[in-house]
Amino acid sequence: MMDLVLIGIGTGNPEHLTLQAIRAINRADVVLIPRKGGKGDLADLRRAICAEVITGPTRIVEFDMPVRDPANPDYLSRVSDWHDEIARRWAAAIPQGAGRVALLVWGDPALYDSTLRIAERLRARVEVIPGLMSPQVLTAAHGIPLNEVGAPFLVTTGRRLREGWPEGVDTLVVMLDGECSFQGLPPEGVTIWWGAYVGMAEQILDHGPLAEAGPRIVARRAAARAAHGWIMDIYLLRRHPASAP
């Protein structure tokens, strides 16, 4: 049975790699690198990481990522079909006889990443190497704590945020938001800390009261996406208790 190693690599900075991750990359027979349409920089970053840390005979094999079927109206079904196709492409790309195959996973495989679920579709022993998560990199870049003293926080998505501010929590970390969903929130008493390409040379940061910083962030995000052809961003929202219902 093949060993499939899912290696968290942080957010694109080779210095985010742990010693454990570097050793795991070098123990692999093959590293699979996905090519995504319009996101060539991401493949380039993975290639650069491999070039910097591989010291032995580990091979690099690339494959083209499929896209989700926009014709399927059911979100979960659409994602499941997409995962099935990704698993098929992994299997087709893995060379005959490769006993240990590694995938370099953005951030950490445990947080808003589908790699573990896709791996379940293959006959393989799965090993996970943890990596820096983007919420950590965001809060480090802004020099702020993730949570208030003794208080909970929630990590969610832009799609969920559009349903309204969740009950029982005043700090939200929002990922996978291509629509700047904070625009639909009442801005009074809310502060935002935003970052794009966090941890990378292209890093962009902004923060402030949501009413003031929100429009700036929308404009800066659009400009950055136009310049690079892709964007990965994340933000933290903190609601002051006086503004909570």
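Details of the structure are given in the entry above.
Undergrad: Can you walk me through the overall build of the protein in this structure?
TA: Looking only at helices and strands, the protein features 7 helices and 10 strands. Residue burial in the protein is summarised as follows: out of 245 residues, 48% are buried. Of the contacts made within the protein by residues no fewer than 6 positions apart, 71% connect residues no fewer than 24 positions apart. Taken together, the 26 basic and 28 acidic charged side chains of the protein have centroids lying 4 Å from each other.

Undergrad: Where do I start with the packing of aromatic side chains in this structure?
TA: Tallying each qualifying case throughout the model produces 2 aromatic pairs. Judged by centre distance (5.2 Å) and plane angle (90°), the ring pair of Phe182 and Tyr235 falls under edge-to-face. Here Tyr235 lies in strand β10 (residues 233-239) and Phe182 lies in the loop between β7 (171-175) and β8 (190-196), a separation of 53 residues in the sequence. Judged by its relative accessible area of 2%, Tyr235 is buried.

Undergrad: How should I be thinking about the environment of Leu17 in this particular structure?
TA: Following the sequence through the fold, Leu17 ends up in the loop between β1 (2-8) and α1 (19-27). Considering only alpha carbons, one finds Leu17 and Leu132, 115 residues apart in sequence, at a separation of 8.1 Å. Once residues within four sequence positions are removed from consideration, Leu17 is found in contact with Gly8, Ile9, Ile22, Ile49 and Val53.

Undergrad: Mind showing me how you'd approach the pattern of salt bridges here?
TA: Between side chains of opposite charge, a pair can form as their charged atoms come close. Enumeration over the complete set of coordinates arrives at 16 salt bridges. Between Glu62 and Arg47 there is a salt bridge; the shortest N-O distance is 2.6 Å. Placement of Glu62 in strand β3 (residues 59-64) and of Arg47 in helix α2 (residues 40-53) is noted, with a sequence separation of 15 residues between them. Since its relative accessible area comes to 26%, Glu62 is described here as partly exposed.

Undergrad: Would you mind going over the sheet that holds strand β4 (residues 100-105) with me for this structure?
TA: Taken in spatial order, the 5 strands line up as β3-β2-β4-β1-β5 in an open sheet, and their pairing is parallel. Two strands in the sheet have a free side with no partner beyond their single neighbour: β3 and β5 (124-129). Direction aside, neighbouring strands of the sheet carry axes that sit 25° apart on average. For β1 and β4, the ladder comprises 6 bridges, and the chain directions are parallel.

Undergrad: Can you walk me through helix α3 (residues 75-93) in this structure?
TA: Residues spaced three or four apart along an α-helix face the same direction, because each turn holds 3.6 residues. Across its 19 residues, α3 extends 27 Å between first and last C-alpha, which sits within 8% of the 27 Å expected from 1.5 Å per residue. Its buried side turned inward, α3 meets β1, β2 (30-35), β3, β4 and α4 (115-119). Between the side-chain oxygen of the N-cap and the backbone nitrogen of Leu76 there are 3.3 Å, and the N-cap of α3 in question is Asp74.

Undergrad: Is there a simple way to explain the sheet that holds strand β9 (residues 204-209) in this structure?
TA: Within a sheet, neighbouring strands are paired by backbone hydrogen bonds and run either parallel or antiparallel to one another. Reading across the sheet, the 5 strands line up as β6-β7-β10-β8-β9 and stay open at both edges, with mixed pairing between neighbours. Single-partner strands in this sheet number two, and they are β6 (154-157) and β9. Sheet twist, expressed as the mean angle between neighbouring strand axes with direction ignored, is 15°. Note that β6 and β7 share 4 bridges and pair parallel. Residue pairing in the sheet places Leu154 in a bridge with Leu172 of β7. Helix α5 (residues 134-142) contacts β7, β8, β9 and β10 of the sheet and is inclined by roughly 70° relative to β10.

Undergrad: Would you explain the nonpolar core in this entry?
TA: In summary, soluble globular proteins display a tendency toward joint burial of nonpolar side chains. Counting 43 residues, the largest nonpolar core has Ile7, Phe182 and Leu237 as the members making the most contacts within it. By residue number, the principal contributor to this core is α2, which donates 5 residues. Judged by nonpolar contacts, the second largest core, of 22 residues, contains Phe63, Met65, Ile86 and Val105.

Undergrad: How do you make sense of the side chain of Arg221 when you look at a structure like this?
TA: Relative to the helices and strands, Arg221 resides in helix α7 (residues 210-228). With relative accessibility at 8%, the residue Arg221 sits in the buried group. A distance of 3.4 Å separates the side chain of Arg221 from the backbone oxygen of Asp177, its partner in a polar contact. Residue contacts for Arg221: discarding those within four places in its chain leaves Asp177, Gly178, Cys180, Trp194, Ile231 and Asp233.

Rules used throughout
Residues numbered from 1 in each chain as written. Predicted model: local features only at pLDDT ≥ 70, side-chain atom pairs only at ≥ 80, totals over all residues. Heavy atoms only, no water. Helix = DSSP H or I, 4+ residues; strand = E, 2+ residues; numbered from the N terminus. Buried < 20%, exposed > 50% of the residue type's maximum accessible area, 1.4 Å probe, protein only. Contact = heavy atoms within 4.5 Å. Lys, Arg positive; Asp, Glu negative; His and termini not counted. Charge placed at Lys NZ, Arg CZ, Asp CG, Glu CD. Phe/Tyr/Trp six-rings, centres within 6.5 Å; stacked < 30°, edge-to-face > 60°. Salt bridge = Lys/Arg side-chain N within 4 Å of Asp/Glu carboxyl O. Pairing = 2+ DSSP bridges. Axes fitted to C-alpha atoms, helices over the stretch in contact; angles between N-to-C directions. Expected span 1.5 Å × (residues − 1). Polar contact = N/O pair within 3.5 Å; in protein donor to acceptor, adjacent residues only side chain to side chain. Core = buried A, V, L, I, M, F, W, Y, C linked by side-chain atoms within 4.5 Å.

Geometry only, nothing functional implied.
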